[in-house]
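# Commentary on secondary and tertiary structure
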Amino acid sequence: MKIATWNVNSIRAREAQLTSFLEKHNPDVVCLQEIKCEESSFPRQILLDLGYHSAVSGQKTYNGVAILSREKPEEVTIGMNKDVENFDDPQARVIAATISGIRVVSAYVPNGQEPGCEKFNYKLSWLKAFREYLKQCLRKNDLVVAGGDYNIAPEDIDVHDPKKWQNKILCTAEERLQFASLLELGLVDTYRELYPDNQQFSWWDYRAGNFQKNAGLRIDFLLATPELFSLCDDCSISMTERSGEKPSDHAPVIAEFAV
DNA sequence: ATGTCTCAGGGACTGAGA
């Protein structure tokens, strides 16, 4: 079973690239982020024609998450408010579904803009709510994968120039502490666990030729429970899509499980 | 490099967000 996560930066602008991705890799499940549209304009039929069901949580212009799957998704839930009290998030950032007995979460963590600002505080409180959400999810399920754009580079190895990025957004100690607390729930960063010393990135700013210079960060992950990770054969970050025409600024992360 | 890309509003370009 092949599971992927990809921030597509608008699903309508990335329709051709998403089609190529699905045809090339033939994943069973894809967690999408930043679909940037309401459910009514989501290309559901195009994906059905390609053999994928869609579970969608969208909104106009910003954010939006989805889960594509070969098998029909079950127990689809949108947002965190069913599991986390006092956190009614108007932004479409979390969706979950059960596919082939695996609880799949697709998450788009807030960017935070700049340390100390209002959006940064929202990011930190969002992450605390998400931790509680995942805790409940792990309580109910043994096989869980939480794919997403976490907008955090967990360690210096995940950053092309750690000195330049020190205390910058995506790299602050506060964000890294929040990410570590997600792993402390009992989740494994599949790519990092398999390749402790590899430096490979999943996001490169469009500006300044950052991709050509490989000036990137690793901020997209497939987090798995130990039960699921024990079935993980491999995890990789695909460069094809980021290298192609009109790319998303994120690369897909793909893992293979013996399920 | 204040560097690029996407969206909405409005009907060309600007601002927000990343």
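In what follows, the structure referred to is the one given above.
Residues numbered from 1 in each chain as written. Chains lettered and ligands numbered in written order. Predicted model: local features only at pLDDT ≥ 70, side-chain atom pairs only at ≥ 80, totals over all residues. Heavy atoms only, no water.

## Remarks on the sheet that holds strand β1 (residues 2-7)
To keep it simple, the criterion reads: Between any two strands, pairing holds if DSSP finds at least two bridges. Numbering of helices and strands runs from the N terminus; a helix is a DSSP stretch of H or I covering at least four residues, while a strand is a stretch of E covering at least two. For every element, the axis is a line fit to its C-alpha atoms; helices are fit only across the contacting stretch, and the angle between N-to-C directions ranges from 0 to 180 degrees.
Strand order in this open sheet of six strands is β3-β4-β2-β1-β12-β11, and the pairing throughout is mixed. The open sheet has two free edges, formed respectively by β3 (53-57) and β11 (232-237), since each of these has just one partner strand. Averaged over all neighbouring strand pairs, the angle between strand axes comes to 10°, with direction disregarded. Here five bridges tie β11 to strand β12 (residues 253-257), and the two strands are oriented antiparallel to one another.

## Focus: the nonpolar core
Condition: Take the buried residues of types Ala, Val, Leu, Ile, Met, Phe, Trp, Tyr and Cys, join any two whose side-chain atoms come within 4.5 Å, and each joined set is a nonpolar core. Note on classification: 1.4 Å probe, protein chains only; a residue is buried when its accessible area is under 20% of the maximum for its type, exposed when over 50%, partly exposed between these limits. Working rule for contacts: check all heavy atoms of both residues, and any pair within 4.5 Å makes them a contact.
In this structure, I3, V29, I67, I99, I102, V104 and V145 are the most contacted members of the largest nonpolar core, which totals 30 residues. Where this core is concerned, the elements lending two or more residues are β2 (29-33), β4 (65-69), β6 (94-99), β7 (102-108), β10 (220-224), α7 (226-229), β11 and β12. For V29, the residues in contact, after removing those within four places along its chain, are M1, K2, I3, A4, I67, L68, S69, I99 and V104. F87, V94, A96 and F130 belong to the second-largest nonpolar core, a separate cluster that totals 25 residues.

## Some details on the pairing of β1
As a reminder of what qualifies: Crossovers are described as right-handed under a simple rule: with the strands pointing away from the observer, the path leading from the first strand over the helix to the second runs clockwise.
Judged by how many residues are buried, β1 sits mostly within the fold: five of six residues are covered. Two elements, β1 and β12, share four bridges in a ladder whose sense is antiparallel. Looking at the pairing, T5 lines up with V253 of β12. In this structure, β1 lies alongside β2, joined through five bridges in parallel fashion. Bridge pairing in β2 links T5 to C31. You can see the chain leave β1, run along helix α1 (residues 15-25) and come back into β2, and the turn it takes is right-handed.

## Thoughts on the protein's contact with DNA strand B
In plain terms, the rule: We call a residue near a molecule or strand when any one of its heavy atoms sits within 4 Å of it. Put simply, Ala, Val, Leu, Ile, Met, Phe, Trp, Tyr, Cys and Pro go in the nonpolar bin, Asp, Glu, Lys and Arg in the charged bin, and everything else, Gly too, in the polar bin.
Among the 17 residues in the neighbourhood of DNA strand B, the closest are listed as S10, R14, T61, K119 and A208. Counting only the atoms of DNA strand B that lie within 4 Å of the protein, the sugar and phosphate share comes to 70%. Residue composition of the surface near DNA strand B, grouped by class: five nonpolar, four polar and eight charged.

## Observations concerning the sheet that holds β7
Ordered by their spatial adjacency, six strands build an open sheet running β5-β6-β7-β8-β10-β9, and the pairing between neighbours is mixed. Every other strand in the sheet has two partners, leaving β5 (74-78) and β9 (188-189) as the edge strands with one partner each. In this structure, strand β8 (residues 144-149) lies alongside β10, joined through five bridges in antiparallel fashion. Its bridge partner lying in β10, A146 is registered against L223. Seen against the sheet, helix α3 (residues 118-140) touches β5, β6, β7 and β8 and runs at an angle of roughly 175° to β7.

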